[in-house]
Amino acid sequence: MARNILCRAGDLLQLNKLTLVTGARLCTQAKTEPLTLRQQNNGIRRIILNNPRKRNALSLSMLQSLRNDILIDANSDELRVIIISANGPVFSSGHDLKELTSLQGREYHTQVFLACSEVMTLIQDIPVPVIAMVNGVATAAGCQLVASCDIAIVTEKSTFATPGVNVGLFCSTPAVAIGRAVPRKVAMEMLFTGTPISARDALLHGLVSKVVPEERLEEETLAVAQRICQASQPVVALGKATFHRQMAQGRDAAYATASKVMVDNLALRDGQEGIRAFIEKRKPVWNHAAEKAHE
């Protein structure tokens, strides 16, 4: 299991003695109280950050556990959407600063940020949509996690910030995701000042998808997830991959990419089934397999 990796840190990361002791303590804690919880039902996987005592900090062990929960059976026909939420009043406070002191050393620090970048890119690269369900504070890498998800549904009391500059560690990696989610000047103000923005401002600037009352958060999030489950799995997977690819391209290249994918989509059996169902005025019957109807 990913959360046990720190137990073998001497082999995997070649950390110093102090770091090994720290890792062993984290590993012992993880055995009794998992850092993340995972459950799946009717195509919806719930991943819950489960270390409220440490404000759901994205420690190396937390990142490894989150990565494992995302990756396991990611290509299964039974998985249609992932929801990431958290226990406690803080969605995530970002990296565990105790792991970022000189005692841990440069090699350990490198492992932390490589693991974080891997998780954030994985969220966008896996074939199913990922929804952040936020009810509280999301700061630094926690805000980065929200920005990396495909959809974010949050409560009115939620706030978002990149306060690293105030503790001497500029939020450069969170800026990658946040800078691609909000206008540049909004991102720069967040990064230079560390001042939190409200849920409503996050919605206004495009960091989140929807703001709802706290008592309706679960209902609203599940409604979006269930709606996604009603669509064809290979069509959604193709659409997600294409969206992220063309967003990194110039206009003309993006149109060329998207046009080719539209033709590929039409060649899918589910693509033709959807068109026939529309013409015949009936509900489509998806086979959820990437089978071709024609070449």
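Reading guide: rules and limits
- Residues numbered from 1 in each chain as written.
- Predicted model: local features only at pLDDT ≥ 70, side-chain atom pairs only at ≥ 80, totals over all residues.
- Heavy atoms only, no water.
- 1 Å grid on protein atoms, 1.4 Å probe; cavity = no way out; pocket = protein on both sides within 12 Å on 5 of 7 lines; lining within 4 Å.
- Points joined across faces, edges and corners; volume = space filled by probe spheres on them.
- Nonpolar A, V, L, I, M, F, W, Y, C, P; charged D, E, K, R; others polar.
- Axes fitted to C-alpha atoms, helices over the stretch in contact; angles between N-to-C directions.
- Helix = DSSP H or I, 4+ residues; strand = E, 2+ residues; numbered from the N terminus.
- Parallel < 35°, antiparallel > 145°, perpendicular 65-115°, else oblique.
- Left-handed = near helix turned anticlockwise from the far one by under 90°.
- Contact = heavy atoms within 4.5 Å.
- pLDDT = per-residue confidence, 0-100.

1. Points about empty space enclosed by the protein
Link 1 in the chain: Taken as a whole and judged by the stated rule, the model has three cavities of 30 Å³ or more.
Link 2 in the chain: A volume near 50 Å³ is recorded for the largest cavity.
Link 3 in the chain: The class makeup of the residues in the lining of the largest cavity is six nonpolar, two polar and one charged.

2. Thoughts on the packing of helix α3 (residues 60-71) against helix α4 (residues 105-125)
Link 1 in the chain: It is at 9 Å that the axes of α3 and α4 come closest, and there the two elements cross at 25 degrees. As the angle between them shows, α3 and α4 are arranged roughly parallel. Between α3 and α4 the crossing geometry is left-handed. Along its contact with α3, which presents Leu60, Leu63, Leu66, Arg67, Ile70 and Leu71, the element α4 presents Tyr108, Gln111, Val112, Ala115, Cys116, Glu118, Val119, Leu122 and Ile123.
Link 2 in the chain: Its residues assigned to classes, the contact of α3 with α4 shows 12 nonpolar, one polar and two charged.

3. Digging into the confidence of the model for the protein
Link 1 in the chain: Model confidence for the protein is summarised by a mean pLDDT of 91, while 89% of its residues fall at 70 or above.
Link 2 in the chain: Low pLDDT (under 50) marks residues 1-30, which in the prediction has 41 contacts with non-local residues, meaning those over four places away or in another chain.

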